[in-house]
Amino acid sequence: MKVMVGVSGGIAAYKAVELVRALQRHALDVRVTMTRAATRFVQPLTFSALTGHRVMTSLWEASADASSDAPIDHIAEAQWADLLVVAPATADILARFAHGLADDFLTTMYLATPAPVLVAPAMNSVMWEHAATQANVETLRQRGVRVVEPDAGQLACGMVGPGRMAEPEQIASAVLGALGRSHDLAGEVILITAAGTREALDPVRFLGNRSSGKMGYALAEAAQSRGARVILVSGPSSLHPPIHCETVRVTTAEEMRQAVLARQAEATIVIKSAAVADYRPVAVAAQKMRRSGPLTLELQPTEDILAEVARRRAPGQLIVGFAAETEDTVQQGRAKLLRKGADAIVVNDVGREDIGFDSDDNAATFLTMSTAIDLPRMSKRKLGDRILDEIVALRRPQSLLVEMSSAEMESLREQPAPPRKAILIE
Ligand code: PMT
């Protein structure tokens, strides 16, 4: 969905940068328009770099189309937006909206947009409480504009009182509410594993894999934006977890196992998107191993965390795994679903370069015992939402697994893997 952020000229304009980031984290397509005064506080370049779109500051700016010197079509921009949010909204912009002035891009857009409008006022307390401002706000309210009330506190001018702009996350929540984005996961606690694990060979080397954590972090962000409390158990990753997301950092498969088992009881849903090592070296060299011809490593299997979590699940707890496959993806995924005893498996083809490991996009099949839902290539953030949609749908009691006897379930569990030998060639 598309959101136009209008920035007017107050000291809180810097917080509009955080608002843009918060809206983007909710997978919204964001553009920005600024009043002339706002450009004195924040450079338009900051917003254009963040959004990838030109920032509109004047009615007379030339269009981006080099073949035309016509000004940007403010009507088209007004039609583009599914919602206009103005933050900060100064006393001046509220007055101009209330009186229907159209003397710059933002005020013209306000009059021309059929989309819902939200304003987040920010100003000195005396200005906020002034009868003129209150009358303008009331006029706007009566015309359907939603107001994200300013907070009380220390203001930039040194006064203490109402007038401080609401926090960007709060404004973002109001935007999501106005767009009808539901908080359908409110009350759920979702334990998500992400990224790969590392198994040390010696103090400088490890066995690892190509997982960046992007898929798991995208799921965490999507779940959080839909109201869930998220516990993210992450292997090493350079990504920043979503704000307010409780993150447990681990390195090895065993550390991930301990962290997941310690928190499993809190969760209503467990999603295992991490790429966990299947084997670890039997012995870890205390000193750096010296190079001296071919080397044989003895590996032992790690515990299968997904299978263990599925065995220990509390009634009603949903367990969703991932399967990283390179051939016969759906058949392999279904076999894994059976062996591990999960409610669903998200199978992705990690042999492809355009999706899977480390890419921003992914495509998958959401498999249950009775269904296979194709989720074509899209951003990992959007896929996170689609996977959550399917998980929410699983709450309807139709899974074949539910109807299986426990003896049947047990016979399908993964058998322990035999020890393996591997040759490490440096
Ligand atoms: O992190 P990105 O770069 O964004 O890449 C995302 C991804 C490709 C890693 C992700 O989409 C994915 O496929 N994750 C699962 C990777 C994996 O380990 O798949 P698997 O088929 O080997 O394992 C199947 C399931 O068992 C997984 O849920 C895995 O977490 C779990 N498992 C595996 C081994 C083990 N010892 N314990 C486990 O719990």
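Residues numbered from 1 in each chain as written. Predicted model: local features only at pLDDT ≥ 70, side-chain atom pairs only at ≥ 80, totals over all residues. Heavy atoms only, no water.

**Overview of the overall build of the protein chain**
- Along its length, the protein chain carries 15 helices and 20 strands.
- Overall size of the protein chain, expressed as C-alpha extent along the three principal axes, is 75 × 55 × 50 Å.
- Relative to its 426 residues, the protein chain shows a buried fraction of 50%.
- At a minimum sequence separation of 6, the contacts of the protein chain that also span at least 24 residues come to 66%. (Helix = DSSP H or I, 4+ residues; strand = E, 2+ residues; numbered from the N terminus. Buried < 20%, exposed > 50% of the residue type's maximum accessible area, 1.4 Å probe, protein only. Contact = heavy atoms within 4.5 Å.)

**What about unusual backbone geometry?**
- Following A87, the chain continues to P88 via a peptide bond in cis, the omega torsion being 0 degrees.
- Residue position: P88 is located in strand β3 (residues 83-89).
- Of note, the phi angle at D328 is positive, near 40 degrees, even though the residue is not glycine.
- With respect to the helices and strands, the residue D328 is situated in the loop between β16 (318-325) and α12 (329-340).
- For D358, which is not a glycine, the phi torsion comes out positive at approximately 65 degrees.
- The partly exposed category is assigned to D358, whose relative accessible area is 42%.

**Topic: the nonpolar core**
- In terms of nonpolar packing, the biggest core is built from 34 residues, with V5 and F47 touching the most fellow members.
- Breaking this core down by element, the ones donating at least two residues are β1 (2-7), α1 (13-25), β2 (29-34), β3, β4 (117-121) and α8 (168-178).
- Considering each element in turn, this core owes the most residues, 7 residues, to α1.
- Setting aside residues up to four positions removed in sequence, V5 forms contacts with L19, V20, L23, V30, R31, V32, T33 and V85.
- Counting residues in hydrophobic clusters, the runner-up holds 30 residues, among them A194, I269, V346 and I391. (Core = buried A, V, L, I, M, F, W, Y, C linked by side-chain atoms within 4.5 Å.)

**Overview of the packing of aromatic side chains**
- If you walk through the whole model with that rule in mind, you get 1 aromatic pair.
- Geometrically, the ring pair formed by F97 and Y110 is stacked, given 4.1 Å between the ring centres and 15 degrees between the ring planes. With F97 in helix α4 (residues 91-98) and Y110 in helix α5 (residues 105-112), the pair connects residues that are 13 residues apart, well separated along the chain.
- Taking the relative accessible area as the measure of exposure, F97 reaches 1% and is therefore buried.
- Accessibility expressed as a relative area gives 11% for Y110, which makes it buried.
- R31 extends its terminal NZ or CZ atom over the ring of W80, reaching a point 4.2 Å from the ring centre. (Phe/Tyr/Trp six-rings, centres within 6.5 Å; stacked < 30°, edge-to-face > 60°. Lys NZ or Arg CZ within 6 Å of the ring centre and 35° of its normal.)

**Here's the deal with the side chain of E308**
- Tracing the backbone through its elements, the reader meets E308 in helix α11 (residues 305-311).
- Among the residues examined, E308 registers a relative accessible area of 7% and is labelled buried.
- A polar side-chain atom of E308 sits 2.7 Å from a polar atom in the side chain of R257.
- With near-sequence residues (within four places) excluded, E308 lies in contact with R257, L261 and E303. (Polar contact = N/O pair within 3.5 Å; in protein donor to acceptor, adjacent residues only side chain to side chain.)

**Focus: the domain arrangement of the protein chain**
- Partitioning the protein chain into domains gives domain 1 (2-178) and domain 2 (189-287 + 297-403).
- Counting from both sides, the interface comprises 5 residues of domain 1 and, opposite them, 5 residues of domain 2.
- Among the residues domain 1 hides against domain 2, the three largest losses belong to R25, H26 and A27. Together they make up 81% of the total.
- For the interface between domain 1 and domain 2, the tally reads 0 salt bridges.
- Class assignment of the residues belonging to the side of domain 1 that touches domain 2 gives a composition of 2 nonpolar, 1 polar and 2 charged. (Domains from an automatic or database assignment. Buried area = accessible area lost by both parts, 1.4 Å probe. Salt bridge = Lys/Arg side-chain N within 4 Å of Asp/Glu carboxyl O. Nonpolar A, V, L, I, M, F, W, Y, C, P; charged D, E, K, R; others polar.)

**Concerning the pairing of strand β19 (residues 372-379)**
- Relative to β19, strand β18 (residues 361-367) runs antiparallel, the two being bridged by 6 bridges. Residue pairing in the sheet places A364 in a bridge with L375 of β19. (Pairing = 2+ DSSP bridges.)

**Brief notes about the environment of G321**
- Note that G321 resides in strand β16.
- The class of G321 is buried, set by a relative accessible area of 0%.
- Separated by 72 residues in the primary sequence, G321 and R249 have C-alpha atoms spaced 20 Å apart.

**Details of the sheet that holds strand β12 (residues 246-249)**
- Reading across from one edge, β12-β11-β8-β13-β16-β17-β18-β19 is the order of the 8 strands in this open sheet, with mixed pairing throughout. Whereas interior strands pair on both sides, the edge strands pair on one side only; in this sheet they are β12 and β19. Neighbour to neighbour, the strand axes of the sheet diverge by 20 degrees on average, direction disregarded.
- Each of β16, β17 (344-349), β18 and β19 is contacted by α12, which is oriented at about 150 degrees to β17, the strand it contacts most.
- On top of the sheet, helix α13 (residues 380-394) reaches β8 (189-194), β13 (269-272), β16, β17, β18 and β19; it is set at about 155 degrees to β19, its chief contact. (Axes fitted to C-alpha atoms, helices over the stretch in contact; angles between N-to-C directions.)

**What to know about the site of the ligand**
- In the neighbourhood of the ligand, 30 residues make up the surrounding shell, with S211, S212, K336, N348 and D358 lying closest.
- In the model, a nitrogen atom of the ligand is placed 2.9 Å from a nitrogen or oxygen of the E303 main chain.
- The backbone of I305 places a nitrogen or oxygen atom 3.1 Å from a nitrogen atom of the ligand.
- Expressed as a share of its isolated accessible area of 770 Å², the protein-covered part of the ligand is 96%.
- Going through the elements one at a time, α9 (214-225), α11, β16 and α12 are the ones with two or more residues in the shell around the ligand.
- For the shell around the ligand, the leading source of residues is β16, giving 4 residues. (Near = heavy atom within 4 Å. Areas by Shrake-Rupley, 256 points an atom, 1.4 Å probe, with all protein chains shown as cover.)

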